[in-house]
Amino acid sequence: MNSAVPVESMRVLLVIRSEARARVLQHALAAAGHRVVGQIRSTHGVQDEAERLQVDLVIVDVASADEATLAHLGRLNEQAPRAIVLFTDDTDSGKIRDAVRCGVTSYVVDGFAQERIEPIVRVAMARFERDRHMLAERDAARTKLAERKLVERAKGILMRKRGLAEDEAYHALRRLAMDRNLRLREVAERVIAMSELLG
């Protein structure tokens, strides 16, 4: 899925409880330039449908967000994250928290009016993009930290085995990376693996 899809060209999957409500959503979404590419009756199979249809947004309309519904949405969020708008009659705060934990971007109670749908969708997409960006930043920071730990460990091995000073060990790793056209992390992993192999 393209995370930078303009809101105007969104592909939408509906999980809908009634044809009348489906028509309201379809009309509001079409008026805003979105395209409903699929419609199903239950969240069972929502992950497969979202993947198959390559949707940007999933709109779920249920009377109550039960455990099974939230479990299906949680799997969708884990496997193929999409913005998810959940329209429901359920005001239970525990369910709201559970829904957000499962990846629901907007939990809307008593908001099923045609004129409200487009603003709700825009807010959901903005939140989804913000969350994806924050997760990407977090993952990049974790990767950088893991890489730094590997390099530190490899430096320690070179310092012990070859009697190098810390800056000499680091420069040796960098030289090796440049000579072999490898990333510093890959060189550090090889030094560590070789050290473990040789004892």
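Residues numbered from 1 in each chain as written. Predicted model: local features only at pLDDT ≥ 70, side-chain atom pairs only at ≥ 80, totals over all residues. Heavy atoms only, no water.

Novice: Any chance you could break down unusual backbone geometry for me, citing the residues and the numbers?
Specialist: Backbone geometry at Q54 places phi at a positive 50°, although glycine is not the residue there. Mapped onto the elements, Q54 comes out in the loop between α2 (46-53) and β3 (57-62). Even without being a glycine, N181 presents a positive backbone phi close to 55°. In this fold, N181 is placed in the loop between α6 (166-180) and α7 (184-198). (Helix = DSSP H or I, 4+ residues; strand = E, 2+ residues; numbered from the N terminus.)

Novice: Can you break down the pattern of salt bridges residue by residue, with the values?
Specialist: Within the structure shown, the criterion is met by 15 salt bridges. Here D90 ties to K95 by a salt bridge, and the two come within 3.0 Å at their closest N and O atoms. With relative accessibility at 12%, the residue D90 sits in the buried group. Here R153 ties to E196 by a salt bridge, and the two come within 2.7 Å at their closest N and O atoms. Within this pair, whereas R153 is found in helix α5 (residues 114-162), its partner E196 is found in helix α7, the two being separated by 43 residues in sequence. If you follow the salt bridges from partner to partner, you end up with R17, R21, D61 and D89 in one network. (Salt bridge = Lys/Arg side-chain N within 4 Å of Asp/Glu carboxyl O. Buried < 20%, exposed > 50% of the residue type's maximum accessible area, 1.4 Å probe, protein only.)

Novice: Let's hear about the packing of α5 against α7: which residues, and what values?
Specialist: Taken N-terminus to C-terminus, the directions of α5 and α7 make an angle of 45°; their axes are 8 Å apart at the nearest point. One way to sum up the angle between α5 and α7 is to call them oblique. Between α5 and α7 the crossing geometry is left-handed. Of the residues in α7, those in contact with T143, A146, E147, L150, V151, R153, A154, I157, L158 and K161 of α5 are L184, R185, A188, E189, V191, I192, S195 and E196. Partitioning the contact of α5 with α7 into residue classes produces 10 nonpolar, two polar and six charged. (Axes fitted to C-alpha atoms, helices over the stretch in contact; angles between N-to-C directions. Parallel < 35°, antiparallel > 145°, perpendicular 65-115°, else oblique. Left-handed = near helix turned anticlockwise from the far one by under 90°. Contact = heavy atoms within 4.5 Å. Nonpolar A, V, L, I, M, F, W, Y, C, P; charged D, E, K, R; others polar.)

These results come straight from atomic positions and should not be treated as a statement about function.
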